[in-house]
Amino acid sequence: MTKKKHLHKHFFGFLIVFLVLQACEDKKEISSIDPISWESRQIAIPENDSLASGETYLSIYSEIYSQTEHITHDLTATISMRNTSREDTIYVERADYYATNGKLIRTYFDAPIFIAPLETIEIVIDETDRSGGTGANFVFDWQANLNATEPVFDAVMISTSGQQGLSFTTQGIRTK
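Since the model is a prediction, treat every value here as computed from it, not as a measurement.

Peer 1: Mind showing me how you'd approach the pattern of salt bridges here?
Peer 2: Two side chains of opposite charge can pair, provided their charged atoms sit close to one another. Applying the stated criterion across every chain, the model contains seven salt bridges. Measuring nitrogen to oxygen at the nearest pair gives 2.8 Å for the salt bridge that ties E63 to R130. Remark: R130 occurs in the loop between β8 (120-125) and β9 (136-145) and E63 occurs in strand β2 (residues 63-66); sequence separation between them is 67 residues. Judged by its relative accessible area of 41%, R130 is partly exposed. Where R174 meets E150, a salt bridge forms, and the shortest distance between an N and an O atom there is 2.2 Å.

Peer 1: It is not clear to me how the packing of aromatic side chains should be interpreted in this structure. Could you clarify?
Peer 2: Any pair of aromatic rings gets described here by the distance separating the centres and the angle formed by the planes. Under the criterion given, the structure shown has six aromatic pairs. Ring geometry for W38 against F109: centres 4.8 Å apart, planes inclined by 45 degrees, an arrangement best described as tilted. Taken as a pair, W38 in the loop between α1 (3-23) and β1 (51-60) and F109 in the loop between β6 (104-107) and β7 (113-115) lie far apart in primary sequence, 71 residues in all. For the pair W38 and F109, a shared accessibility class is recorded, and that class is buried. Ring centres of Y61 and F168 lie 5.6 Å apart, and the angle between their planes is 65 degrees; this geometry places the pair in the edge-to-face category. Taken together, the positions of Y61 in the loop between β1 and β2 and F168 in strand β11 (residues 164-171) put the pair 107 residues apart, joining distant regions of the chain. For F168, a relative accessible area of 24% gives the class partly exposed. Grouping aromatic residues by their ring pairs yields a cluster made of Y97, Y108, F138, F140 and F153. When the ring centre of F114 is taken as origin, the NZ or CZ atom of R41, which lies over that ring, is 4.5 Å away.

Peer 1: Please explain the nonpolar core as it appears in this structure.
Peer 2: As a rule of thumb, nonpolar side chains are buried together in soluble globular proteins. By size, the foremost hydrophobic cluster in this structure holds 28 residues, and its most contacted members are I79, M81 and F138. Those elements giving two or more residues to this core turn out to be β1, β4 (76-82), β5 (90-98), β7, β8, β9 and β10 (152-161). Here the element with the most residues in this core is β9; it accounts for five residues. With sequence-adjacent residues up to four places away left out, F138 is seen in contact with T56, Y57, L58, I60, I79, A95, D96, Y97, Y108, I123 and I125.

Peer 1: Looking at this structure, how should I read the pairing of β5?
Peer 2: Put simply, side chains in a regular strand alternate between the two faces of the sheet. As judged from the three bridges shared by β5 and β7, these two strands associate in the antiparallel manner. Opposite Y91, over in β7, you have F114 as the bridge partner. As paired elements, β5 and β9 share seven bridges and run antiparallel to each other. Bridge pairing in β9 places R94 opposite D141. For β5 and β6, the ladder comprises three bridges, and the chain directions are antiparallel. Of the residues in β6, the one forming a bridge with Y97 is R106. Counting the residues in the hairpin turn of β5 and β6 gives five residues, including G102, whose phi is positive at 85 degrees.

Peer 1: What is the right way to read the pairing of β11 from this model?
Peer 2: Taken together, the eight bridges between β10 and β11 define a ladder with antiparallel strand orientation. The partner of T160 across the bridge, within β11, is G165.

Conventions used here
- Residues numbered from 1 in each chain as written.
- Predicted model: local features only at pLDDT ≥ 70, side-chain atom pairs only at ≥ 80, totals over all residues.
- Heavy atoms only, no water.
- Salt bridge = Lys/Arg side-chain N within 4 Å of Asp/Glu carboxyl O.
- Helix = DSSP H or I, 4+ residues; strand = E, 2+ residues; numbered from the N terminus.
- Buried < 20%, exposed > 50% of the residue type's maximum accessible area, 1.4 Å probe, protein only.
- Phe/Tyr/Trp six-rings, centres within 6.5 Å; stacked < 30°, edge-to-face > 60°.
- Lys NZ or Arg CZ within 6 Å of the ring centre and 35° of its normal.
- Core = buried A, V, L, I, M, F, W, Y, C linked by side-chain atoms within 4.5 Å.
- Contact = heavy atoms within 4.5 Å.
- Pairing = 2+ DSSP bridges.

Take it as geometry only, folks, not as evidence of what the structure does.
Below, the structure written as structure tokens:
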């Protein structure tokens, strides 16, 4: 065998091994578990302020039924926590994510965070994160100055496949 043929043989063997290894990507971690550093947003709620407390429920769909109850379509969900006040900071004490069966999936933070006037903070539930199911939801515990406007909690669910796209929104409702 000539030296040139020998090199070609090894090159093609190396190329095949390289392509196989590239095709075997590591399973990607779900980014929605820690999309931002919540610690950098933590704040001690001022004790001397008169604050109103509230709880808001927000429905989320990480998957929806398609064609029958046996076929589902995965969605990416963007959950927005919005401060609608021009002057006052609001405080979100907890953001709990629940599955269709009502079991807690995860708590995004359990120490108060601040949302500055007119600021929006988001949580993204990856399209590959199917843990919530067709009836997932969030419950937010929050505090705001008595005269401040209430925070808004809403979500946009989206998916695209080929030339088709699907998107819709949900809005939170105050439960306390």
